Amino acid sequence: DTGVSQNPRHKITKRGQNVTFRCDPISEHNRLYWYRQTLGQGPEFLTYFQNEAQLEKSRLLSDRFSAERPKGSFSTLEIQRTEQGDSAMYLCASSFTLRGTIYFGEGSWLTVV
Amino acid sequence: QKEVEQDPGPLSVPEGAIVSLNCTYSNSAFQYFMWYRQYSRKGPELLMYTYSSGNKEDGRFTAQVDKSSKYISLFIRDSQPSDSATYLCAMNSGGSNYKLTFGKGTLLTVNP
């Protein structure tokens with residue numbers, strides 16, 4: 001068990017391009033979360049999966065954002081038509097139960113130029 | 001008013017000092033309280049997890065929760081340069097509310 005794994009760790013993209021981030025949660029964890037963190041701020045909730053079902057999406061997740069978790073294992077977060085305001089660290093986290101402790105990955109840094 | 005308030009610092013202390021980090025919150029439904037440590041350009045690492053009011057100790061770290069005052073603290077004893085990081089408080093109400101609400105984080109520097 002190596003914890004929550006995210007890749008790529010860093011991505012620089014031109015405005016208007018699409019990017020995709022992948023998250024592999026801790027193996028026995030069936031709950032998976034995506035958060036976004038900008039400089040000087042705490043992480044903000046984006047979306048939540050229980051197994052393969054996406055149960056909640058924050059209003060922060062515009063229609064350019066889509067997240068999937070096929071087969072309830074790894075998850076992907078895709079951002080279409082990136083904008084400079086999308087520049088942030090995208091954090092994936094997982095937990096075993098709703099009351100369980102939530103463990104974060106190392107994050108994927110996105111820079112939109 | 002934000003749901004969770006945390007002084008961003010920066011806070012600078014000499015090695016060996018006792019560090020006190022604090023957060024206040026407004027949502028009385030919060031019952032689960034966490035402290036995460038985040039090194040520069042890394043993900044948050046869970047340090048302490050507390051349910052409801054009271055104290056919890058783990059090595060050099062002590063977490064305190066005072067629900068009556070809506071105030072939580074993290075104390076670090078015998079601080080080390082390796083403790084230099086941003087400390088984030090986070091909380092949720094549990095049950096079906098799984099979303100963590102974070103403070104902005106406090107940047108701590110421990111000087112050798």
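Since this is a predicted model, take the numbers as computed values, not measurements.

Criteria and cut-off values
Residues numbered from 1 in each chain as written. Chains lettered and ligands numbered in written order. Predicted model: local features only at pLDDT ≥ 70, side-chain atom pairs only at ≥ 80, totals over all residues. Heavy atoms only, no water. Helix = DSSP H or I, 4+ residues; strand = E, 2+ residues; numbered from the N terminus. Rg over C-alpha atoms; globule rule 2.2 N^0.38 Å. Contact = heavy atoms within 4.5 Å. Pairing = 2+ DSSP bridges. Buried area = accessible area lost by both parts, 1.4 Å probe. Salt bridge = Lys/Arg side-chain N within 4 Å of Asp/Glu carboxyl O. Polar contact = N/O pair within 3.5 Å; in protein donor to acceptor, adjacent residues only side chain to side chain. Disulfide = S-S within 2.5 Å. Axes fitted to C-alpha atoms, helices over the stretch in contact; angles between N-to-C directions.

Peer 1: Account for the overall build of chain A, naming residues and giving values.
Peer 2: Within chain A, the secondary structure is distributed over 0 helices and 11 strands. Secondary structure of chain A in N-to-C order comes out as β-β-β-β-β-β-β-β-β-β-β. Against the 2.2 N^0.38 benchmark of 13 Å for 113 residues, chain A shows a C-alpha radius of gyration of 13 Å, consistent with a compact globule. C-alpha atoms of chain A, sized along the principal axes, occupy 40 × 25 × 20 Å. Counted over contacts in chain A with a minimum sequence separation of 6, partners at least 24 positions apart contribute 53%.

Peer 1: I'd like a description of the sheet that holds strand E8 (residues 71-76) of chain B, backed by residues and values.
Peer 2: Through backbone hydrogen bonds, the strands of a sheet pair up, either in parallel or in antiparallel fashion. All names here are of chain B. Spatial ordering of the open sheet is given by E1-E3-E8-E7-E6, a layout of 5 strands whose pairing is antiparallel. The outermost strands of the open sheet, each flanked by one partner alone, are strand E1 (4-5) and strand E6 (54-58). Direction of pairing for E6 relative to strand E7 (residues 61-66): antiparallel, over a ladder of 5 bridges. Considered in E7, the bridge of aspartate 58 is made with phenylalanine 61.

Peer 1: Can you explain the interface of chain A and chain B? Please cite residues and give values.
Peer 2: Taken residue by residue, the interface counts 24 residues in chain A and 19 residues in chain B. Carbon and sulfur atoms make up 55% of the surface buried where chain A meets chain B, a total of about 1900 Å² over both sides. Summed over the shared surface of chain A and chain B, the result is 1 salt bridge. In this structure, the salt-bridge partner of A:Glu56 is B:Lys99, at a minimum N-O distance of 2.7 Å. There are 6 residue pairs in polar contact (both at pLDDT 80 or more) connecting chain A and chain B. Looking at the side of chain A that touches chain B, the elements that each hand over two or more residues are strand E4 (31-37), strand E5 (44-50), strand E9 (88-95) and strand E10 (103-104) of chain A.

Peer 1: Could you give an account of the state of the cysteines, naming the residues involved and the relevant values?
Peer 2: All names here are of chain A. Within the structure shown, the criterion is met by 2 disulfides over all chains. A sulfur-sulfur separation of 1.9 Å characterises the disulfide bridge that pairs cysteine 23 with cysteine 92. Looking along the S-S bond of the cysteine 23-cysteine 92 disulfide, the torsion reads about -70 degrees, which is the left-handed sense. Linking cysteine 23 in strand E3 (residues 19-24) with cysteine 92 in strand E9, this pair joins segments that are 69 residues apart in sequence.

Peer 1: Which residues make up the sheet that holds strand E1 (residues 5-7) of chain A, and what values go with them?
Peer 2: Residues and elements named next belong to chain A. Spatially, E1-E3-E8-E7 is the arrangement adopted by the 4 strands of the open sheet, whose pairing is antiparallel. Where the open sheet ends on each side, the last strands, each with one partner, are E1 and strand E7 (65-68). With strand direction ignored, the average angle separating the axes of adjacent strands in the sheet is 15 degrees. In this sheet, strand E8 (residues 75-79) lies alongside E3 in antiparallel orientation, the contact comprising 5 bridges. Residue arginine 22 lies in a different strand from E8, and its bridge partner there is threonine 76.

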